[in-house]
Amino acid sequence: MNLFDVYPLYNITPVKALDYTITDKNGVEYLDLYGGHGVISIGHTQPDYVAKLKNQLDNLGFYSNAIQNPLQVELAEKLGKLSGYEEYTLFLCSSGAEANENALKLASFHTGKSRVIAFNNSFHGRTSAAVATTDNKKIVAPINAQQVVTFLPLNNIDLVEAELKKGDVCAIIIEGIQGVGGLDEGTTEFFQALEKICEANNVVLILDEVQSGYGRSGKFFAHQHHNIKADIISLAKGMGNGFPIGGILISPKFTASYGLLGTTFGGSHLACAAGIAVLEVMGNQKLMDNVNDIYAYFLEAIKAVPEVIKVKGKGLMLGAEFAFDVFELRKKLIIEKHIFTGNANNKNLLRILPPLTIKKEAIDQFIIALKETLAELKS
Ligand code: PLP
């Protein structure tokens, strides 16, 4: 059987990884400045994480959500402490799309309304229940027969207000920082206004922190840069450092009832072990401090590359914008310089989403490689 061919692949086969380095089957080492779409938070094969997962697998990998699982409680406690959302509750699932699907469902149950507001160029997942747009071609997937999504431009609160006045909106869903779309983000004024009008109109504010969360922006959640609180926060990617785990943090204003939400795999023993290990390493190694240090270092270092016209994003969720399509540049960085970076719907943007453990030497290596490659492309 062949694979359904939906991914354009580089001819590289990674077989081993350590922290922010990946080794392919020919023994070639790559610098990982992409972390598999911002998934690798605490570094590849982090020893405490590996030990915890192995130990858990030796004992109990999975059993259903119908029995007690103290690992879920431990994960929720640790997540509450590190994120500053201790009074919220946690529902566990297995991916970002599933997290958003449950967030939207909950918003609809809670408000008795169904329409959803999302923003142009946002990306919230690809299941039939989530909302996605790619490259401004809208994949407007109805959440159920009644739910419809309206896309609006970012940072225009008047347009949001006009939609809310119609009285049928259950939720506004917004990324802390847009990932796939190209690192645009709401202003502090916009986020604060959203928080206010959601409260005033009985609309649920969902912060999709699937990519921008888990310390990647330099705070635990990117929306915490704007001093707001969300009603529901969706998580995945960095949460398991590669083990599939997602979740939503739910405000105390929501009432749980048996059967309201559910999942087979979410919150398995193995997934929780991964999630707990990530939080322990993040705390013990003070990785958010490292994110902020490396961000400051990057901002200085990138000044040596005049072709970069703008740096977008925050922390280690960054985009270097050029005045040209970066397809060739990115390819040369991977094939010739052995450095992984990412692309975005904005074709001029090189995305940088390394493990949060990355060191200054790696940034130096990237800057040298970038300058050399740009010089080659010019000649
Ligand atoms: N939300 C955001 C902001 C994302 O970036 C993604 C994936 O890239 C998703 C949701 C969907 O996550 P998943 O692919 O785990 O379903």
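Here the structure is shown first, and the text comes after it.
Summary of the structure given here. Owing to the predicted nature of the structure, the values given are computational and were not obtained by experimental measurement.

1. Regarding helix α3 (residues 70–83)
Working step 1: In this model α3 runs 20 Å from its N-terminal to its C-terminal C-alpha over 14 residues, within 8% of the 20 Å that 1.5 Å per residue would give.
Working step 2: For α3, the N-terminal cap is asparagine 69; the gap from its side-chain oxygen to the backbone nitrogen of leucine 71 is 3.0 Å.
Working step 3: In the segment just after α3, glycine 84 is the residue with positive phi, at about 80°.

2. Description of the site of the ligand
Working step 1: The local shell around the ligand consists of Ser95, Gly96, Ala97, Asn100, Phe123, His124, Gly125, Glu175, Asp208, Val210, Gln211 and Lys237.
Working step 2: Separating an oxygen atom of the ligand from a backbone N or O atom of glycine 96 is a distance of 2.9 Å.
Working step 3: Take glutamine 211: an N or O atom from its side chain is 2.9 Å from an oxygen atom of the ligand.
Working step 4: Protein contact buries 80% of the 390 Å² of open area that the ligand shows by itself.
Working step 5: Counting residues per element, the shell around the ligand draws most heavily on helix α4 (residues 96–111), which supplies three residues.
Working step 6: In the shell around the ligand, the residues fall into three nonpolar, six polar and three charged.

3. Regarding the sheet that holds strand β4 (residues 89–93)
Working step 1: Pairing is mixed across the open sheet formed by seven strands, whose spatial order is β4-β12-β11-β10-β9-β5-β8. With one partner strand each, in any of the chains shown, β4 and β8 (149–152) form the two edges of the open sheet. Here the average twist between neighbouring strands, direction ignored, is 20°.
Working step 2: Pairing analysis gives four bridges linking strand β11 (residues 232–235) to strand β12 (residues 246–250), with the strands arranged antiparallel. Bridged to isoleucine 232 within β12 is isoleucine 250.
Working step 3: Across the sheet, helix α6 (residues 188–200) touches β5 (115–119), β9 (169–175) and β10 (204–208), and the angle it forms with β9 is around 160°.

4. A short note on the environment of isoleucine 117
Working step 1: Of note, isoleucine 117 is situated in strand β5.
Working step 2: Taking the relative accessible area as the measure of exposure, isoleucine 117 reaches 0% and is therefore buried.
Working step 3: Setting aside its immediate chain neighbours within four residues, isoleucine 117 contacts Thr150, Leu152, Glu163, Leu164, Val169, Ala171, Ile172 and Ile173.

5. Section: the pairing of β9
Working step 1: Across the seven residues that make up β9, a large majority, seven, are buried.
Working step 2: Sheet topology note: the β5/β9 ladder contains three bridges and is parallel. Residue pairing across strands places arginine 115 opposite valine 169, the latter belonging to β9.
Working step 3: As for the winding sense of the linkage, the β-α-β connection from β9 through α6 to β10 is right-handed.

6. Here's the deal with the pattern of salt bridges
Working step 1: Taken as a whole and judged by the stated rule, the model has 16 salt bridges.
Working step 2: With a shortest N-O distance of 3.8 Å, glutamate 280 and lysine 52 are connected by a salt bridge. With a gap of 228 residues between them, glutamate 280 in helix α7 (residues 269–284) and lysine 52 in helix α2 (residues 47–59) connect regions that are remote in the sequence.
Working step 3: Overall, the relative accessible area of 26% leaves glutamate 280 in the partly exposed class.
Working step 4: Looking at lysine 52, the relative accessible area reads 28%, which means it is partly exposed.
Working step 5: Note that aspartate 168 is salt-bridged to arginine 115, the shortest N-O span being 2.9 Å. You can see aspartate 168 sitting in the loop between α5 (157–164) and β9 and its partner arginine 115 sitting in strand β5, a full 53 residues away along the chain.
Working step 6: By sharing partners, the salt bridges in this structure join Lys52, Glu74, Lys78 and Glu280 into a single network.

7. Examining the side chain of asparagine 102
Working step 1: Here asparagine 102 shows up in helix α4.
Working step 2: In this view, asparagine 102 contacts Phe91, Ile248 and Leu261; residues no more than four positions away in its chain are not counted.

8. Some words on the packing of aromatic side chains
Working step 1: Under the definition given, this model contains nine aromatic pairs.
Working step 2: Both rings, one in phenylalanine 220 and one in phenylalanine 221, keep their centres 4.9 Å apart while their planes meet at 90°; by these two values the pair is edge-to-face. Accessibility assignment for this pair places phenylalanine 220 and phenylalanine 221 in one class, buried.
Working step 3: Taken together, a centroid distance of 6.4 Å and an interplanar angle of 15° make the contact between phenylalanine 298 and phenylalanine 366 stacked.

9. Observations regarding the sheet that holds strand β15 (residues 339–340)
Working step 1: The strand order across the open sheet built from four strands is β1-β2-β3-β15, with neighbouring strands paired in mixed fashion. Among the strands making up the open sheet, the edge pair consists of β1 (14–18) and β15.
Working step 2: Two elements, strand β3 (residues 29–32) and β15, share two bridges in a ladder whose sense is parallel. The residue of β15 that forms the bridge with aspartate 32 is phenylalanine 340.

Parameters at a glance
Residues numbered from 1 in each chain as written. Predicted model: local features only at pLDDT ≥ 70, side-chain atom pairs only at ≥ 80, totals over all residues. Heavy atoms only, no water. Helix = DSSP H or I, 4+ residues; strand = E, 2+ residues; numbered from the N terminus. Expected span 1.5 Å × (residues − 1). Polar contact = N/O pair within 3.5 Å; in protein donor to acceptor, adjacent residues only side chain to side chain. Near = heavy atom within 4 Å. Areas by Shrake-Rupley, 256 points an atom, 1.4 Å probe, with all protein chains shown as cover. Nonpolar A, V, L, I, M, F, W, Y, C, P; charged D, E, K, R; others polar. Pairing = 2+ DSSP bridges. Axes fitted to C-alpha atoms, helices over the stretch in contact; angles between N-to-C directions. Contact = heavy atoms within 4.5 Å. Buried < 20%, exposed > 50% of the residue type's maximum accessible area, 1.4 Å probe, protein only. Right-handed = clockwise from strand over helix to strand, strands pointing away. Salt bridge = Lys/Arg side-chain N within 4 Å of Asp/Glu carboxyl O. Phe/Tyr/Trp six-rings, centres within 6.5 Å; stacked < 30°, edge-to-face > 60°.

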